[in-house]
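Breakdown of the fold
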Amino acid sequence: MQERSIWEIGGAFYKSNEIANLLALCGTMDDAVVGEGHYLVAEDRHGAILGSGGWSRSRPGYADATAADDAAPGVAIVRSVFVDPAATRCGIASAIMSRTERDALEHGVDTLQLTATLSGVALYEALGYRTEAAMELTFADQSRFKCVRMQKSLAKTQNRSAA
């Protein structure tokens, strides 16, 4: 589902070789996010996976390519958010992000960071994430994969919810 998602949804924003290089370099998942216990999977009533995502305190595998630093105390990184292309525009990603944010808050995280694909930027902006920097991964064939580092303060979100 994750690879299909990046190929089909990301295909409107990236060339085929850019997606292929990204998948070869980074894959779609880092097992650390599952190992930390904060990974979510959305399924339909028949058990088909509709989406996935979560958060982690560990540095993502692609961090070397983007010069990202380890997360500071109270900061975590949203990772591996994907939606089945057949289930887009149904609120799956928003629901995963909402649950991810609640879980992160419950575990002492007050700021979430993420590296968004271009196809995901509009969603994250709508959810209150702000752009920190435009970035590029550069591959051996000199092709580039554009992405955007974004951040959201959960403390502000929590304070609004309490009001």
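Counting of residues starts from 1 at the beginning of each chain's written sequence and follows it residue by residue. At least 70 in pLDDT is required for a residue's local features to be given in this predicted model, at least 80 for side-chain atom pairs to be given and counted, and no such filter applies to totals for whole chains, interfaces and linings, which use all residues. Neither water nor hydrogens contribute to the side-chain values; these are computed over all heavy atoms in the structure.

1. Some thoughts on unusual backbone geometry
With a phi close to 50°, serine 80 is a non-glycine residue in the positive phi region. Put simply, DSSP H or I for four residues or longer makes a helix, DSSP E for two residues or longer makes a strand, and each gets a number counted from the N terminus. In this fold, serine 80 is placed in strand E3 (residues 75-83). In this structure, arginine 89 is a non-glycine residue whose phi angle is positive, near 65°. For arginine 89, the location among the structural elements is in the loop between E3 and helix H5 (92-106).

2. Remarks on the pattern of salt bridges
Basic side-chain nitrogens of Lys or Arg form a salt bridge, by our definition, when they fall within 4 Å of a carboxyl oxygen of Asp or Glu. For the structure shown, the criterion picks out five salt bridges. We note a salt bridge from arginine 4 to aspartate 84, for which the minimum N-O separation is 2.3 Å. Here the residue arginine 4 occupies a position in helix H1 (residues 2-8), and aspartate 84 occupies one in the loop between E3 and H5, the gap between them amounting to 80 residues. Take arginine 4: its relative accessible area is 37%, and that puts it in the partly exposed class. The closest approach of N and O atoms between arginine 99 and glutamate 106, which form a salt bridge, is 4.0 Å. Exposed residues in this analysis have more than 50% of their type's maximum accessible area, buried residues have under 20%, and partly exposed residues fall in between, with area computed by a 1.4 Å probe over protein chains only. According to the relative accessible area criterion, arginine 99 is partly exposed, its value standing at 30%.

3. Some words on the sheet that holds E3
The pairing criterion for strands is at least two bridges between them, as found by DSSP. Ordered in space as E1-E2-E3-E4-E6-E5, the six strands form an open sheet in which the pairing is mixed. Two strands in the sheet have a free side with no partner beyond their single neighbour: strand E1 (39-43) and strand E5 (130-138). With direction set aside, neighbouring strand axes in the sheet form an average angle of 20°. Bridging between strand E4 (residues 111-117) and strand E6 (residues 144-153) involves seven bridges; their strand directions are antiparallel. For threonine 117, the partnering residue across the bridge sits in E6 and is cysteine 147. In this analysis, two residues are considered to be in contact whenever any of their non-hydrogen atoms come within 4.5 Å of each other. Axis lines are fitted through C-alpha atoms, for helices just across the contact stretch, and the angle between N-to-C directions can take any value from 0 to 180 degrees. Strands E1, strand E2 (49-56), E3, E4 and E6 of the sheet are contacted by H5, whose axis makes an angle of about 30° with E2.

4. Brief notes about the side chain of serine 5
Looking at the element boundaries, serine 5 is found in helix H1. In this structure the side chain of serine 5 is engaged in a polar contact, spanning 2.9 Å, whose partner is the backbone oxygen of valine 83. Contact partners of serine 5, with chain neighbours within four places excluded, come to Gly10, Phe82, Val83 and Pro85. By the criterion applied in these results, polar contacts are pairs of N or O atoms within 3.5 Å in which, for protein atoms, one can donate a hydrogen and the other can accept it, and in which residues neighboring in sequence qualify only through two side-chain atoms.

5. Considerations on the side chain of glutamate 18
Within the element layout of this structure, glutamate 18 appears in helix H2 (residues 16-26). Comment: no salt bridge for buried glutamate 18; closest opposite-charge side chain is lysine 15, at 5.1 Å. Every residue in contact with glutamate 18, bar those within four places of it in the chain, is listed here: Phe139, Ser143, Arg144 and Phe145. Lys and Arg are tallied as positive, Asp and Glu as negative. Neither His nor the chain termini are counted.

6. Thoughts on the state of the cysteines
The disulfide criterion used throughout: a pair of cysteine sulfur atoms within 2.5 Å. Taken as a whole and judged by the stated rule, the model has zero disulfides. Cysteine 147 supplies the cysteine sulfur nearest to cysteine 26, a cysteine that is in no disulfide, at a spacing of 8.7 Å.

7. Some remarks on the environment of threonine 115
Considering the arrangement of structural elements, one finds threonine 115 in strand E4. Relative accessible area serves as the criterion here: at 25%, threonine 115 is assigned to the partly exposed category. Taking C-alpha positions, threonine 115 is 8.2 Å from arginine 79, a pair spaced 36 residues apart along the chain.

8. Details of the environment of histidine 107
Relative to the helices and strands, histidine 107 resides in the loop between H5 and E4. Using a relative accessible area of 39% as the deciding quantity, one classes histidine 107 as partly exposed. As a C-alpha pair, histidine 107 and glycine 74 span 33 residues in sequence and 9.1 Å in three-dimensional space. If sequence neighbours within four positions are ignored, histidine 107 has contacts with His38, Trp55 and Arg57.

Remember that the coordinates give geometry; whether it matters functionally is a separate question.
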